[in-house]
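Examining the three-dimensional arrangement
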Amino acid sequence: AGKGKERKGLFLERTKGSEILFGVAPCWLALAQARRALFRLFLKQSSGSGRPLRAEFALQAAARGVPVLHVPGRELDTLCRGRPHQGVCLEAAPLPFKSLRGAEEPRVGDAESGSRQLLWLVLEHIQDPMNLGALLRSAYFMGVDRVVASHRNSCPLTPIVSKASAGAMEVFDVYGTDDVQGFLKAKSAEGWEVVGTVSRPGQVEDVPVISCSEFRWDKPVIVVIGSEGEGISLETQLQCQRMLAIPPGRELHPGIDSLNVSVAAGILLHSICSQKRKHGD
């Protein structure tokens, strides 16, 4: 009984302000990048097929000076509240949004001269951590240069976001802003094209709507993605030069007439980025 109390205390007494990352990819990349303060690595006690991988984790943690604890699977279940940990949890400090102040700014003239096309993604009021993680994974995969998220009414960069991003959140900077409209207005004045996204073109006023297949990428571009339910706010729509829509492949039944926000973003980013590859050829 005494040992049970001691063991229970070991796991519940977490470092103040820490959180528990879970899953192989988020924990491995968090260890490798060391962008966070890292406190303890928890590995599942097992003689199964995962032993070589856990040995690699232990070596990586030792190289970072992070204590390693080998624990029963049920303890990991408790640590990550039953989420899919794959035998690995990592106690670490939260990863905040990066500040745009002082961030290195690419020069638009360089991009327009053909040396590089720039693509940024702005996320307004994305609240579901699974969607945010999937958006970051797609943005990282497709080569988006920067992601900027609104601070207000948005999901923070939680362990669930990291897991849903397959660890992309651990290697890809995500910036935050309190003033999406002001940010977009400033970038537009610098020569960037700001394009919004819309699932139902009839709901947009005063901004032209085109199919994503009609969009031509001829200058640095910012793609704005809105919230899961409401889309882009009216104030933000008015900062967009155009709105992009994905044409459906059939007559849609009311109630299922839109795509999941992360799926829609993936389609739009691919449509734009395919031009980058052709341009490079």
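All residue numbers refer to position in the chain's written sequence, counted from 1. Residue-level local features of this predicted model are given only where pLDDT is at least 70; pairs of side-chain atoms are given and counted only at 80 or more, and the full residue set underlies all totals for whole chains, interfaces and linings. Water and hydrogen atoms play no part in the side-chain values, which are based on all heavy atoms of the structure.

We now examine the overall build of the protein chain. When you go through the protein chain residue by residue, the secondary structure sums to 10 helices and 12 strands. Counting over 281 residues, the protein chain shows a buried share of 46%. For the protein chain, the proportion of contacts with a sequence separation of at least 24, taken over those separated by at least 6, is 85%. Shrake-Rupley sampling with a 1.4 Å probe provides the accessible areas, and residues are treated as covered by the protein chains on show and by no other component. Accessible surface, the protein chain: about 14700 Å² in total, of which carbon and sulfur atoms supply 51%. The way it works is that DSSP assigns letters per residue, a run of H or I at least four long becomes a helix, a run of E at least two long becomes a strand, and they are numbered from the N terminus. Here the term buried applies to any residue with accessible area under 20% of the maximum for its type, exposed to any over 50%, and partly exposed to those in between, with areas from a 1.4 Å probe on protein chains only. Whether two residues are in contact is decided by their heavy atoms, any of which lying within 4.5 Å being enough.

Attention now moves to the environment of K98. Here K98 shows up in strand β5 (residues 98-99). Among the residues examined, K98 registers a relative accessible area of 36% and is labelled partly exposed. Remark: the alpha-carbon pair of K98 and T177, spanning 79 residues in sequence, is separated by 9.0 Å.

The subject of this paragraph is the sheet that holds strand β2 (residues 38-44). Note on pairing: DSSP must find at least two bridges between two strands before they are called paired. Spatially, the 4 strands line up as an open sheet ordered β1-β4-β2-β3, and their pairing is mixed. What marks the edges here is a single partner per strand, and that holds for β1 (19-22) and β3 (68-71). Neighbour to neighbour, the strand axes of the sheet diverge by 25° on average, direction disregarded. Alignment of β2 against strand β4 (residues 88-92), held across 5 bridges, turns out to be antiparallel. By the bridge assignment, F42 is partnered in β4 with C89. Axis definition: a line fit to C-alpha positions, over the contact stretch in the case of helices; interaxial angles, taken between N-to-C directions, run 0 to 180 degrees. Where helix α2 (residues 24-33) meets the sheet, it contacts β1, β2 and β4, and its direction lies at approximately 45° from that of β4.

Take it as geometry only, folks, not as evidence of what the structure does.
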